[in-house]
Amino acid sequence: MRYWVNTVSRDHVQRGIDGGFTQAGHGKATGLKRMAKGDRIVFYSPRTALDGGEPLQAFTALGEIADDAPYQVEMTPDFHPWRRKVRFGASEEAPIRPLIESLEFIRNKKSWGFVFRRGLFEIPESDFQTIARAMNASLAP
């Protein structure tokens, strides 16, 4: 089992929760192909909305990858993003600032936001557990 962070605005996280999926990298399949069924994923939202949203800087959802491979959907005639099915667990939003010092994947604590520019990236299990505890999350094994 591997553990991932996906950087997504809160409004897009909510769309994913409503539809039981995640997208990454502006709809590209590349990062999604690295994940496997049963992997855990947590969502970090720098803003409330992609365009013009308010700063948020919080973990907003978490879940488990529920399919074996990415699948493609048609949103518009010119946009066919790739997705993964996600089984979301119950959780509360958790601000990142109280967690920065304890998260291993954030090596530069002063420029902590830089790491999230990667979009979808792998983190250690211990960091996932730290975030899940801060979110009062329940995600059955």
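Quick caveat: nothing in here was measured; it's all calculated off a predicted structure.

Visitor: What's the story with the packing of aromatic side chains in this structure? I'm lost.
Guide: Geometrically, a pair of aromatic rings is defined through the distance of the ring centres and the angle of the planes. Per the stated rule, a full pass over the model turns up 9 aromatic pairs. Geometrically, the ring pair formed by Y44 and F116 is stacked, given 4.0 Å between the ring centres and 25° between the ring planes. Here Y44, found in strand β3 (residues 40–47), pairs with F116, found in the loop between β7 (94–95) and β8 (120–123); they are 72 residues apart in sequence, far enough to count as distant. We note that Y44, like F116, is buried. Aromatic side chains F105 and F121 sit 5.5 Å apart centroid to centroid with 55° between the ring planes, which places their arrangement in the tilted category. Residue F105 is located in the loop between β7 and β8, and its partner F121 is located in strand β8; the two are separated by 16 residues in the primary sequence. Relative accessible area serves as the criterion here: at 7%, F105 is assigned to the buried category. Above the plane of the ring of F21 lies R83, whose end atom (NZ or CZ) is 3.7 Å from the centre.

Visitor: Hey, could you run me through the pairing of strand β1 (residues 3–7) in this one?
Guide: For a regular strand, the rule is simple: side chains alternate between the two faces of the sheet. Among the 5 residues of β1, 4 are classified as buried, and the element is accordingly described as predominantly covered. Where β1 and β8 come together, 4 bridges link them in antiparallel fashion. Looking across to β8, one finds that Y3 is bridged to I123.

How each quantity is defined
- Residues numbered from 1 in each chain as written.
- Predicted model: local features only at pLDDT ≥ 70, side-chain atom pairs only at ≥ 80, totals over all residues.
- Heavy atoms only, no water.
- Phe/Tyr/Trp six-rings, centres within 6.5 Å; stacked < 30°, edge-to-face > 60°.
- Helix = DSSP H or I, 4+ residues; strand = E, 2+ residues; numbered from the N terminus.
- Buried < 20%, exposed > 50% of the residue type's maximum accessible area, 1.4 Å probe, protein only.
- Lys NZ or Arg CZ within 6 Å of the ring centre and 35° of its normal.
- Pairing = 2+ DSSP bridges.

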